[in-house]
Amino acid sequence: MSRTLKIALIQLAVGAKKAVNLARAHGKVMDAARAGASLVVLPECFNSPYGTQFFKEYSEVIDSANPGESMKALSNMAKEANVFLVGGSIPEKVSDADKLYNTCTVWNQNGEMIAKHRKVHLFDIDIPGKIRFQESEVLSPGNELTQFETPWGKIGVGICYDIRFPEMASIAAQSGCKAMIYPGAFNMTTGPLHWELLARARAVDNQMFVAACSPARDMSASYHAWGHSSVVDPFARVIAKADYGVIEDVRSSIPISSQRRSDLYTSASLINKSN
Ligand SMILES: NC(=O)CC(=O)C(=O)O
């Protein structure tokens, strides 16, 4: 078993156009592979805006014999980039049963689907004055726990709200998983309080790696994702975090963009003629 793994979490900007989301995901997966990642993770609902009003319209059947647009795209990304790909999640349609699920698919380097996880714990919350979200109004819950084999050991998968239920990660650890991966989309109310806390809790409880991958925050969308995609080690140390707040902090503390002397930066004005 290989002992080192470079993992990439893609904090993808997700908009209203499915084809654009898929193309952007493809570009970022290729970038991650070029940077040396062997396992790449996309966020929850990577092909669709996150909202119960969108799930039906963006849903696809997940069927290897007759793959939909997102399935084809994920298979191609994994194969072309030569990576294991945890394909975030998409709204899955099961036409015979007239049901929708929030489903993560996992792909190997040959572009073959090796696992499928339907979100088990649906995100139904109501925090007065802050956020009400009821996935169960349109989605059905999955009924299985999911793990997959890789050259770096077995890995368990959950989706977002699943991270709040310690049993899933604990069962994964007890059955030999080295890591839990959660595509997720926490929000501006629960994210600051719980996202990192839960990822670190699952890591420390089970002495395993935890990776949680969010979409990028878009304040013009109906749902404001928290972002902060993170990797936590078995000591519960956050070893990587996408924290775009740091950009603002650094730019206001060291304001080089307003201090730039653009008036001097032409080849003619650079030269001090007296030297
Ligand atoms: N979006 C989710 O499934 C979960 C979430 O935002 C939360 O638990 O908070």
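Preceding this paragraph is the structure being described.
Residues numbered from 1 in each chain as written. Predicted model: local features only at pLDDT ≥ 70, side-chain atom pairs only at ≥ 80, totals over all residues. Heavy atoms only, no water.

J.: Looking at this structure, I do not really get the packing of helix α4 (residues 166-174) against helix α5 (residues 190-206). What am I missing?
T.: A pair of packed helices can be characterised by two numbers: the angle between their axes and the separation between those axes. Where α4 contacts α5, the two axes come as close as 10 Å, and the packing angle between them is 35°. Considering how the two elements wind past one another, α4 and α5 form a crossing that is right-handed. On α5, the residues touching Pro-166, Ala-169, Ser-170 and Ala-173 of α4 are Arg-202, Asp-205 and Asn-206. Taken together, the residues of the contact of α4 with α5 break down into three nonpolar, two polar and two charged. (Axes fitted to C-alpha atoms, helices over the stretch in contact; angles between N-to-C directions. Helix = DSSP H or I, 4+ residues; strand = E, 2+ residues; numbered from the N terminus. Left-handed = near helix turned anticlockwise from the far one by under 90°. Contact = heavy atoms within 4.5 Å. Nonpolar A, V, L, I, M, F, W, Y, C, P; charged D, E, K, R; others polar.)

J.: Even after reading the chapter, I still don't get empty space enclosed by the protein, so can you show me in this structure?
T.: Over the atoms, a rolling probe the size of a water molecule traces out where space has been left empty. The full count for this structure, using the stated rule, is one cavity of 30 Å³ or more. Each pocket or cavity is described by its volume, and for the largest cavity that value is around 50 Å³. Lining of the largest cavity is provided by Phe-123, Cys-160, Tyr-161, Arg-164, Ala-185, Phe-186, Asn-187, Thr-190 and Tyr-223. Residues that form the lining of the largest cavity fall into these classes: six nonpolar, two polar and one charged. (1 Å grid on protein atoms, 1.4 Å probe; cavity = no way out; pocket = protein on both sides within 12 Å on 5 of 7 lines; lining within 4 Å. Points joined across faces, edges and corners; volume = space filled by probe spheres on them.)

J.: How should I be thinking about the nonpolar core in this particular structure?
T.: Generally speaking, nonpolar side chains in soluble globular proteins are found buried as a group. Ranked by internal contacts, the top residues of the largest apolar core, which has 36 residues, are Val-86, Met-180 and Val-210. Examining the composition of this core, we find that five residues originate from one element, strand β11 (residues 177-183), more than from any other. Ignoring sequence-local partners within four residues, the contact set of Val-86 consists of Leu-39, Val-40, Val-41, Leu-42, Cys-104, Thr-105, Val-106, Phe-148, Ile-181 and Pro-183. (Core = buried A, V, L, I, M, F, W, Y, C linked by side-chain atoms within 4.5 Å. Buried < 20%, exposed > 50% of the residue type's maximum accessible area, 1.4 Å probe, protein only.)

J.: Sorry, what's going on with the site of the ligand here?
T.: Taken together, Glu-44, Tyr-50, Lys-119, Phe-123, Cys-160, Tyr-161, Arg-164, Ala-185, Phe-186, Asn-187, Thr-190 and Tyr-223 make up the full set of residues near the ligand. Here an oxygen atom of the ligand sits 3.2 Å away from a polar atom, N or O, in the side chain of Asn-187. Expressed as a share of its isolated accessible area of 270 Å², the protein-covered part of the ligand is 100%. Here the ligand is seated within the largest cavity. Across the shell around the ligand, the residue classes break down as seven nonpolar, two polar and three charged. (Near = heavy atom within 4 Å. Polar contact = N/O pair within 3.5 Å; in protein donor to acceptor, adjacent residues only side chain to side chain. Areas by Shrake-Rupley, 256 points an atom, 1.4 Å probe, with all protein chains shown as cover. Sits in = over half its atoms within 2 Å of the grid points.)

Take it as geometry only, folks, not as evidence of what the structure does.
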